[in-house]
Amino acid sequence: TDAGGAIVSVRITTRGAKNDPYNEGGVKVLCKATQPGALCPVALFMEYWQITERLGFETDKPLIRHPDGRLVTTQQVRKQIKRHAQLLGYNPDWFGNHSTRIQGATRMLAANVPMQTMLKQGNWKTDRGIMPYMRHSGEMQRTVSNALALQPRSTSQRNVGRPRSRRER
């Protein structure tokens, strides 16, 4: 909590992930959004948590459940992601269960987040595991293209260094 008593972060213990073969669990930390107008993950989580408390959900059972206690399926998650994409004016064909992982990895890459932090945040075991999720943003692609573009050389730069083959002489 901050000085005013507002919750600024939430610590969540996870278990049963595919990269947790011994079911030892891990820790996730949600932090309050600081960008104006952004959806705050802490506020959203706390709202959900209060609803689960009112419904009498046991704290040792999976958190994401229907009001009657049934588990949420991956198909139901996919359906809701596509529904919300369409409500926001996006083509739902481009969205699915891994869309948030892709966006998270891509945004962390663009923000120069260290690889170890990215792996921990996304529950990836190795650099190789995160690679399929990282996409280059338009800005990143422009930066790479500019870095690799051949620039015309001035006359003072011509014939600098030694030739690479006999034909260049």
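Heads up: the structure comes first, above all this text.
Rules used throughout
Residues numbered from 1 in each chain as written. Predicted model: local features only at pLDDT ≥ 70, side-chain atom pairs only at ≥ 80, totals over all residues. Heavy atoms only, no water. Core = buried A, V, L, I, M, F, W, Y, C linked by side-chain atoms within 4.5 Å. Buried < 20%, exposed > 50% of the residue type's maximum accessible area, 1.4 Å probe, protein only. Helix = DSSP H or I, 4+ residues; strand = E, 2+ residues; numbered from the N terminus. Contact = heavy atoms within 4.5 Å. Salt bridge = Lys/Arg side-chain N within 4 Å of Asp/Glu carboxyl O. 1 Å grid on protein atoms, 1.4 Å probe; cavity = no way out; pocket = protein on both sides within 12 Å on 5 of 7 lines; lining within 4 Å. Points joined across faces, edges and corners; volume = space filled by probe spheres on them. Nonpolar A, V, L, I, M, F, W, Y, C, P; charged D, E, K, R; others polar. Expected span 1.5 Å × (residues − 1). Arc of directions from axis to C-beta.

Core analysis: the largest hydrophobic core is formed by 8 residues, namely Ala105, Met108, Met118, Leu119, Trp124, Ile130, Tyr133 and Met134. Of all the secondary structure elements, the ones that give two or more residues to this core are helix H3 (99-110) and helix H4 (115-122). Leave out the neighbours within four places in its chain, and Leu119 touches Trp124, Lys125, Thr126, Asp127 and Ile130. The next biggest cluster of nonpolar side chains, apart from the first, holds 5 residues, and it includes Val10, Cys40, Val42 and Phe45.

Oppositely charged side chains can pair when the atoms bearing their charge come close. Summed over the entire model, instances satisfying the criterion amount to 2 salt bridges. Ionic pairing is found between Arg65 and Glu58, a salt bridge with its closest N-O pair at 3.3 Å. Arg65 sits in the buried class, given a relative accessible area of 10%. Owing to a relative accessible area of 40%, Glu58 belongs among the partly exposed residues under this scheme. Across the salt bridge formed by Arg70 and Asp68, the nearest N and O atoms sit 2.8 Å from each other. By relative accessible area, Arg70 is classed as partly exposed at 47%. The exposure class of Asp68 is exposed, given its relative accessible area of 54%.

We now examine the layout of surface pockets. In this model, the second largest pocket occupies a volume close to 430 Å³. In this structure, the second largest pocket is lined by 13 residues; those nearest its centre are Ile81, Ala85, Phe95, Ser99 and Thr100. Listed by contribution, the elements that provide at least two residues to the lining of the second largest pocket are helix H2 (74-87) and H3. Classifying every residue of the lining of the second largest pocket gives 7 nonpolar, 5 polar and 1 charged.

A few words now on helix H1 (residues 41-55). The terminal C-alpha atoms of H1, which comprises 15 residues, lie 21 Å apart, in line with the 21 Å expected from a rise of 1.5 Å per residue. Buried within H1 are the following residues: Val42, Phe45, Met46 and Thr52. Within H1, the buried residues cover an arc of 125° as seen down the axis, which keeps them to one side. As for H1, its buried residues are in contact with strand S1 (9-14) and strand S2 (26-31).

Okay, the side chain of Thr106 next. Here Thr106 is to be found in helix H3. In contact with Thr106, not counting residues within four places along its chain, are Tyr133, Met134, Arg135 and Ser137.

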